[in-house]
Amino acid sequence: MHIDIIDKTKIPQHVAVIMDGNGRWAKKHKQERFFGHKKGAESAKEVTEIASEIGVKYLTLYAFSKENWNRPEDEVHSLMGLLIQGVTENLDQLNDLNIKLKIIGDFENLPENVKKSVDDSIISTKDNTGMTLIIALNYGSRWEMIEAVKSIAESYKNNDITLNDIDDKLFSQRLTTCEIPDPDLLIRTSGEFRISNFLLWQISYSELFFSELYWPDFRKQQFIDAIVDYQKRERRFGKTSSQLKK
Ligand code: FPP
């Protein structure tokens, strides 16, 4: 692994990942889909370790979308099992690495056993001050934005805010990502060029990195390669290149 090729002064603060291609990886290896997810969980673990090691402050992993409930029941069940396993079996390591766990998404509507395991790990890691690992669970960007709109409408109705108070900042504060800075880099694996209802508001200015690899093949080295690629980009936020050089 070549970690030295990374410029330590230009580490993205927040990296978000759409972990796609577990099913196709399994098919390619003539295995059940579950096996692909299991291997995918290993990638999630490796990427968490390397992100924390290089100094990423926030890592968001898209583990389960609102739309994923439409998958066959046994696959949903095995994904929930992997999540429980992921947050319980790796709890000591999360604490050793000083990682704080956070969830974004519709937490209340998750099965009770998932909520319990996740909650226990959130509480156990709450005072950690290193990287924040954010798992997007039962998450959908449109759902999140509609909830924000409802909350703003409620505040307006109660005369807590005026129309002029509604701006980018207020809207961001009503999202489940309210305490998290926007992603600097969004990675998607498996050769698909889509966003799939993930952090639509938050990625307005994110750099996008698409990998041809299926998620189970995306490990530490591939994460480093994505960071190096990101470091070559010029982020202009609407300005011109020469304005930035001044
Ligand atoms: C996409 O592959 C992946 C998922 C829907 C689930 C991701 C979950 C994990 C990697 C396991 C647990 C994660 C944590 C953080 C503990 P796909 O099934 O859509 O693949 P396909 O498009 O090839 O069918």
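Residues numbered from 1 in each chain as written. Predicted model: local features only at pLDDT ≥ 70, side-chain atom pairs only at ≥ 80, totals over all residues. Heavy atoms only, no water.

Would you mind showing me how to read the overall build of the protein chain here?
If you tally the helices and strands in the protein chain, you get nine helices and six strands. Its C-alpha atoms give the protein chain a radius of gyration of 19 Å, near enough to 18 Å, the size a compact globule of 246 residues would have. With respect to the principal axes defined by its C-alpha atoms, the protein chain has extents near 55 × 50 × 35 Å. Residues classed as buried in the protein chain amount to 46% of the 246 residues present. Counted over contacts in the protein chain with a minimum sequence separation of 6, partners at least 24 positions apart contribute 77%. (Helix = DSSP H or I, 4+ residues; strand = E, 2+ residues; numbered from the N terminus. Rg over C-alpha atoms; globule rule 2.2 N^0.38 Å. Buried < 20%, exposed > 50% of the residue type's maximum accessible area, 1.4 Å probe, protein only. Contact = heavy atoms within 4.5 Å.)

Please explain the packing of helix H2 (residues 33–54) against helix H3 (residues 73–89) as it appears in this structure.
Helix-helix packing is described using two parameters, namely the angle between the two axes and the distance between the axes. Interhelical geometry of H2 versus H3 gives an angle of 20° and a closest axis separation of 10 Å. In this view, H2 runs roughly parallel relative to H3, as classed from their interaxial angle. The handedness of the crossing between H2 and H3 comes out as right-handed. Across the interface between the two elements, Arg33, Phe34, His37, Lys38 and Ala41 of H2 pack against Glu75, Ser78, Leu79 and Leu82 of H3. In terms of residue class, the contact of H2 with H3 is made up of four nonpolar, two polar and three charged. (Axes fitted to C-alpha atoms, helices over the stretch in contact; angles between N-to-C directions. Parallel < 35°, antiparallel > 145°, perpendicular 65-115°, else oblique. Left-handed = near helix turned anticlockwise from the far one by under 90°. Nonpolar A, V, L, I, M, F, W, Y, C, P; charged D, E, K, R; others polar.)

Sorry if this is basic, but what is going on with the pattern of salt bridges here?
Should their charged atoms come close, side chains of opposite charge can pair. Applying the stated criterion to the full structure yields 21 salt bridges. The salt bridge involving glutamate 46 is made with arginine 219; its shortest N-O contact spans 3.4 Å. Taken as a pair, glutamate 46 in helix H2 and arginine 219 in the loop between strand E6 (207–210) and helix H8 (220–231) lie far apart in primary sequence, 173 residues in all. Note on arginine 219: relative accessible area 18%, which makes it buried. Between glutamate 234 and arginine 236 there is a salt bridge whose closest N-O contact spans 2.9 Å. (Salt bridge = Lys/Arg side-chain N within 4 Å of Asp/Glu carboxyl O.)

How do you make sense of H8 when you look at a structure like this?
An α-helical segment advances 3.6 residues per turn. Residues three or four places apart therefore align on the same side. The end-to-end C-alpha distance of H8, which contains twelve residues, comes to 17 Å, matching closely the 16 Å that a straight helix rising 1.5 Å per residue would cover. What H8 keeps buried is the set Lys220, Phe223, Ile224, Ala226, Ile227, Val228, Tyr230 and Gln231. The inward-facing, buried residues of H8 abut strand E1 (14–18), H2, strand E2 (58–65), strand E5 (185–188) and E6. (Expected span 1.5 Å × (residues − 1).)

Quick question: what am I supposed to make of the environment of phenylalanine 193 here?
In this structure, phenylalanine 193 sits in the loop between E5 and E6. For phenylalanine 193, a relative accessible area of 60% gives the class exposed. Taking the C-alpha atoms as reference, phenylalanine 193 lies 22 Å from lysine 39; in sequence the two are 154 residues apart. The contact partners of phenylalanine 193, leaving out residues within four places of it in the chain, are Phe210 and Glu212.

Sorry if this is basic, but what is going on with the site of the ligand here?
The immediate surroundings of the ligand are formed by 15 residues, with Met19, Gly23, Arg24, Arg33 and Arg71 found nearest. In the model, an oxygen atom of the ligand is placed 2.7 Å from a nitrogen or oxygen of the arginine 24 main chain. Measuring from an oxygen atom of the ligand, one finds a side-chain N or O atom of arginine 71 at 2.8 Å. Calculation on the ligand without its partners gives an accessible area of 630 Å², and the protein chains cover 90% of this total. Comparing atom positions with the cavity grids shows the ligand to sit within the largest pocket. Going through the elements one at a time, helix H1 (22–28) and H2 are the ones with two or more residues in the shell around the ligand. Sort the elements by how many residues they give to the shell around the ligand and H2 lands first, with four residues. Along the lines of polarity and charge, the residues of the shell around the ligand split into five nonpolar, six polar and four charged. (Near = heavy atom within 4 Å. Polar contact = N/O pair within 3.5 Å; in protein donor to acceptor, adjacent residues only side chain to side chain. Areas by Shrake-Rupley, 256 points an atom, 1.4 Å probe, with all protein chains shown as cover. 1 Å grid on protein atoms, 1.4 Å probe; cavity = no way out; pocket = protein on both sides within 12 Å on 5 of 7 lines; lining within 4 Å. Sits in = over half its atoms within 2 Å of the grid points.)

Mind showing me how you'd approach the sheet that holds E1 here?
For sheets, the rule is that strands pair by backbone hydrogen bonds, running either parallel or antiparallel. The six strands are arranged E3-E4-E2-E1-E5-E6 in an open sheet whose pairing can be described as parallel. In this open sheet, the two edge strands, each paired with only one partner strand, are strand E3 (100–104) and E6. Here the average twist between neighbouring strands, direction ignored, is 20°. Looking at chain direction, E1 and E5 are connected through four bridges and run parallel. Within the sheet, the bridge partner assigned to alanine 16 lies in E5 and is leucine 186. This element, H2, spans E2 and strand E4 (132–139) of the sheet and lies at about 165° to E2. Contacts from helix H5 (residues 112–125) reach E3 and E4 within the one sheet, and its direction differs from that of E3 by about 140°. (Pairing = 2+ DSSP bridges.)

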